[in-house]
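Topology and contacts: notes
Here's the letter readout for the chains.
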Amino acid sequence: MSQFGTSTRPFMSAIFRYGLAVLSVAAALFIRELLRTYFEPTPNSFFFCAIALSSWLGGFGPGLVASLLSVALIDYHFAAPYTVKMSAEDLPRVIVFLVTAASISWLSASQERARKSLQQAHDELEIKVQERTAELRGINKELRAEITERKSAEAALLSSEAQLKEAQAVAHLGSYEVDVLTGQTRWSDEVFRILGLDPANGSLSRRDFIEHVIHPEDREYATQRYNEVIHDGKLYDLECRVVRPDGSVRFVQSMGEAIKSQDGIIVRLVGALLDITERKHSEDKLARLNRTLQTLYQCNQALIHATEEYELLQAVCRILVQVGGLRMAWVGYRELDAAKTIRPVAQAGYDQGYVESVKATWANTERGQGPTGTAIRTGKPSWTKNIRTDSSIAPWREEALKRGYSSNVSLPLVSDGVPFGALTLYAEEPDAFNERGVEQFTELANNLAYGVIALRTREERRQAAGALREAQAELAHVTRVTTLGEMTASIAHEINQPLAAVVNNASACLRWLAAPNLEEARQSAELIIGDAHRAGEIIRRIRALAKKSPPRKDCLNINETILEVIALARSEIERNRVSLQTRLSSDVPLILGDRIQLQQVILNLIINAVEAMGGTSDGPRELVVSSKKNDLQDLLVAVRDSGPGLDPNSLDHLFTAFFTTKPKGMGMGLAISRSIIEAHGGRLWATQNNGQGATFQFALPIGKKEAPSIV
């Protein structure tokens with residue numbers, strides 16, 4: 001509001017109040033004069049009404065003015081009618097009137113002030129009541145909103161708790177809280193359901209949880225982990241087994257965190273309990289599958305690299321136990337005897353005499369109803385899901401349970417549709433072999449049977465090849481002996497006659513000398529000399545015949561000849577476990593020569609080298625046969641061994657007839673070999689190796705000279 005408005009309002013109010021007083025008195029006068037016409041005398045009470053009205057409406061000041069005006073009018077008009085001065089008689093009455101009017105004015109003003117104060121108080125109270133009411137309405141509105149929000153929060157909380165319980169039930173996840181100081185615990189309903197307990201049937205203390213719920217084998221570890229959390233404040237993460245009241249075992253994971261007070265003291269442990277049984281079963285199935293696949297892979301690798309039947313069977317049993325995690329595995333072959341017994345041939349794992357004590361049979365008798373006998377008899381897999389309860393394995397149940405066997409399976413080993421044995425597996429847990437597992441192990445058994453048959457076939461071929469090589473070597477030996485025998489018989493036949501004549505004449509000479517008859521003795525001596533010359537002539541004729549006889553001419557490839565000789569000597573090489581290498585040059589051309597004689601030379605050198613190494617027990621046995629051209633463009637064939645080597649004192653006598661270093665040698669092989677090589681215009685010699693062994697080699701001219709055969 002402006003200053004003008006503020007200043008003029010009291011002024012206008014004063015004029016109104018005092019004007020009201022004047023008008024009130026004038027009205028009273030008018031009414032009195034009006035009534036005076038009809039009534040005599042006319043009372044002055046109307047002035048009291050004017051005074052009261054002025055005081056009531058204008059306050060004490062206007063009331064006092066109204067009183068003075070009333071007194072003046074009364075005195076002027078009424079006290080002494082139409083006189084100017086008041087008489088002494090009228091003075092008391094005027095004073096009384098004035099006092100009364102003042103009292104009325106004061107009283108009316110006081111009442112008006114009281115009324116206004118009351119009105120103002122009432123208005124102020126009303127305003128305050130309205131303000132308080134509005135405030136209370138706002139508070140009430142806020143309170144209602146808060147109540148609504150709280151109800152919504154409570155509903156949301158209840159919904160959240162319901163959802164949490166539902167989520168915990170779906171996820172098999174419960175929550176818990178442990179008061180470390182008092183030992184009191186709080187478990188959610190889902191924890192009780194996980195443990196197979198009813199939440200309404202009481203509480204579960206931590207001690208009861210440790211001593212009666214956790215699996216006995218896991219209690220010590222669980223207690224240790226709990227103590228670590230309580231003392232060190234570490235995060236709590238534990239996987240263990242729990243035993244339900246019905247005896248079933250579940251896997252749980254407990255995860256918790258230690259809560260500390262303001263003083264740093266651990267007062268609570270809060271966490272969650274998760275049922276991981278299904279996850280564990282899935283992990284176990286996956287691990288079992290991986291283990292099975294790894295087992296099958298390694299068994300197949302053993303099948304590929306096996307060289308001997310027993311080695312293969314033993315390797316497969318060992319892999320099934322070590323990689324496949326089985327308790328025991330063994331292989332048995334059926335016997336065609338009267339009792340139809342099953343002979344154990346390979347075994348691995350925890351046995352302690354069980355296989356021998358089984359005394360398995362594939363006969364259709366009581367002891368033949370077990371998995372192994374049934375598999376061989378029927379040619380189909382047979383297994384026991386639970387050894388403790390299956391009646392078919394009753395004869396062996398006690399011994400099997402002693403060794404920790406809970407289930408087993410037997411798989412037939414079949415060849416051409418006929419079982420010849422069985423692979424039997426034992427596991428520690430019941431029902432360890434399901435349909436899928438039996439199919440996989442059946443495939444393994446089929447592969448194993450195929451591998452056994454393949455090894456047997458390979459062994460039969462090896463034995464046949466060995467027999468063939470022995471026969472070829474024997475034939476070569478017979479050829480050598482026959483050739484030497486023919487030559488020896490021929491020489492003996494020619495020389496025996498003159499030698500017999502020498503003996504006869506010498507005997508006659510001795511008789512004539514004893515006679516004595518010198519003439520006859522002289523004639524006998526002359527005959528001896530003649531027979532000796534005759535024997536010498538025979539030797540000269542044989543040697544001359546050898547020099548003059550035309551050689552056998554063959555179109556000879558030396559490399560092919562060496563390979564043929566090695567084939568003849570193969571059995572002797574393998575029997576002495578000699579490692580053979582051939583280093584045959586491809587630029588050696590065809591030569592003209594005697595194939596049989598060259599074969600005899602090469603065979604003799606190879607056999608001598610093999611026999612030399614056969615007498616050594618230490619060090620490698622290596623034989624190297626090579627062919628090449630030497631610097632003179634001659635054919636060079638060398639036989640190198642790693643035997644004991646040559647005695648330096650015997651080098652000069654190696655090729656001398658009847659000289660030998662072998663206990664049963666004749667001393668003719670090297671001598672004849674040198675004669676054959678020299679007859680072809682070549683040379684044969686021996687050298688000591690720098691390391692172990694010796695080297696025998698010969699050189700032949702290629703297309704330079706044709707030599708006669710010596711036989």
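Residues numbered from 1 in each chain as written. Predicted model: local features only at pLDDT ≥ 70, side-chain atom pairs only at ≥ 80, totals over all residues. Heavy atoms only, no water.

**Re the state of the cysteines**
Stated formally: Note on terminology: disulfide denotes any pair of cysteine sulfur atoms within 2.5 Å. Partly exposed residues are those whose accessible area sits between 20% and 50% of the maximum for their type, while under 20% is buried and over 50% is exposed, using a 1.4 Å probe and protein chains only.
Counted by the stated rule, this structure contains zero disulfides. Take Cys299: it sits in no disulfide, and the sulfur closest to it among the cysteines is that of Cys317, at 8.8 Å. We classify Cys317 as buried; its relative accessible area is 0%.

**A few points about the pattern of salt bridges**
Our working rule: A pair is scored as a salt bridge if a Lys or Arg side-chain nitrogen falls within 4 Å of a carboxyl oxygen belonging to Asp or Glu. Secondary structure elements follow DSSP: runs of H or I no shorter than four residues count as helices, runs of E no shorter than two count as strands, and numbering proceeds from the N terminus.
Counting across every chain of the model gives 20 salt bridges. Where Arg268 meets Glu177, a salt bridge forms, and the shortest distance between an N and an O atom there is 2.9 Å. You can see Arg268 sitting in strand S5 (residues 266-275) and its partner Glu177 sitting in strand S1 (residues 173-179), a full 91 residues away along the chain. Its relative accessible area of 32% is what places Arg268 among the partly exposed residues. Between Glu459 and Arg462 there is a salt bridge; the shortest N-O distance is 2.7 Å. Of this pair, Glu459 and Arg462 both sit in helix H13 (residues 435-514), three residues apart, roughly one helical turn. The partly exposed category is assigned to Glu459, whose relative accessible area is 31%.

**What about the packing of aromatic side chains?**
Cut-off, in case you're wondering: Pairing of aromatic side chains here covers Phe, Tyr and the six-membered ring of Trp, requires ring centres within 6.5 Å, and sorts the geometry by plane angle: under 30 degrees stacked, over 60 edge-to-face, intermediate tilted. In our convention, an over-ring charge means Lys NZ or Arg CZ found within 6 Å of a ring centre and within 35 degrees of that ring's normal.
According to the stated counting rule, one finds seven aromatic pairs in the structure shown. Each ring, one from Tyr405 and one from Tyr426, has its centre 4.6 Å from the other, and the planes form 35 degrees; the classification is tilted. Of this pair, Tyr405 sits in the loop between helix H12 (397-402) and strand S9 (407-415) while Tyr426 sits in strand S10 (residues 418-427); the two residues are 21 residues apart in sequence, bridging distant segments of the chain. Ring centres of Phe433 and Phe441 lie 6.1 Å apart, and the angle between their planes is 70 degrees; this geometry places the pair in the edge-to-face category. Pair check on accessibility: Phe433 and Phe441 agree, each one buried. Counting every residue linked through ring pairs, the aromatic cluster contains Tyr176, Trp187 and Phe209. Seen from the ring of Tyr350, Arg327 lies directly overhead, with NZ or CZ sitting 4.3 Å from the centre. Sitting above the plane of the Trp362 ring, Arg334 keeps its charged end 5.4 Å from the centroid.

**Re unusual backbone geometry**
Even without being a glycine, Asp431 presents a positive backbone phi close to 50 degrees. Turning to its location among the elements, Asp431 is positioned in the loop between S10 and H13. Judged by relative accessible area, which is 47%, Asp431 ranks as partly exposed. With a phi close to 55 degrees, Arg577 is a non-glycine residue in the positive phi region. Along the chain, Arg577 turns up in the loop between helix H16 (570-575) and strand S12 (579-584).

**Some points on the side chain of Gln253**
Quick note on the threshold: Residue contacts follow a heavy-atom distance rule, with two residues in contact if any of their heavy atoms lie within 4.5 Å.
Checked against the element boundaries, Gln253 lands in strand S4 (residues 249-260). In this view, Gln253 contacts Asp237, Leu238, Glu239, Ala272, Leu273, Leu274, Ile276 and Arg279; residues no more than four positions away in its chain are not counted.

**Structural notes on the environment of Val249**
For Val249, the location among the structural elements is in strand S4. For the pair formed by Val249 and Thr277, sequence separation is 28 residues and the distance between their alpha carbons is 8.7 Å. Ignoring any residue separated from it by four or fewer positions in sequence, one finds Val249 in contact with His215, Arg241, Val242 and Val243.

**Some thoughts on the pairing of strand S17 (residues 694-700)**
On a regular strand, one side chain projects to one face of the sheet and the next to the other, so that they alternate. For clarity, the cut-off: Strands were regarded as paired on the criterion that DSSP finds at least two bridges between them.
With respect to burial, S17 is a largely interior element, seven of its seven residues being buried. Of the two faces of S17, both are covered, the one formed by Ala694, Phe696, Phe698 and Leu700 as well as the one formed by Thr695, Gln697 and Ala699. In terms of strand pairing, strand S15 (residues 635-641) meets S17 through six bridges, oriented antiparallel. Bridging from a neighbouring strand, Arg640 pairs with Thr695 of S17. Note: strand S16 (residues 683-688) against S17, six bridges, orientation antiparallel. When the bridges of S17 are listed, Arg683 appears paired with Ala699. In textbook terms, the turn of a hairpin is the stretch between consecutive antiparallel strands, and for S16 and S17 this stretch comprises five residues, one of which, Gly693, has a positive phi near 85 degrees.

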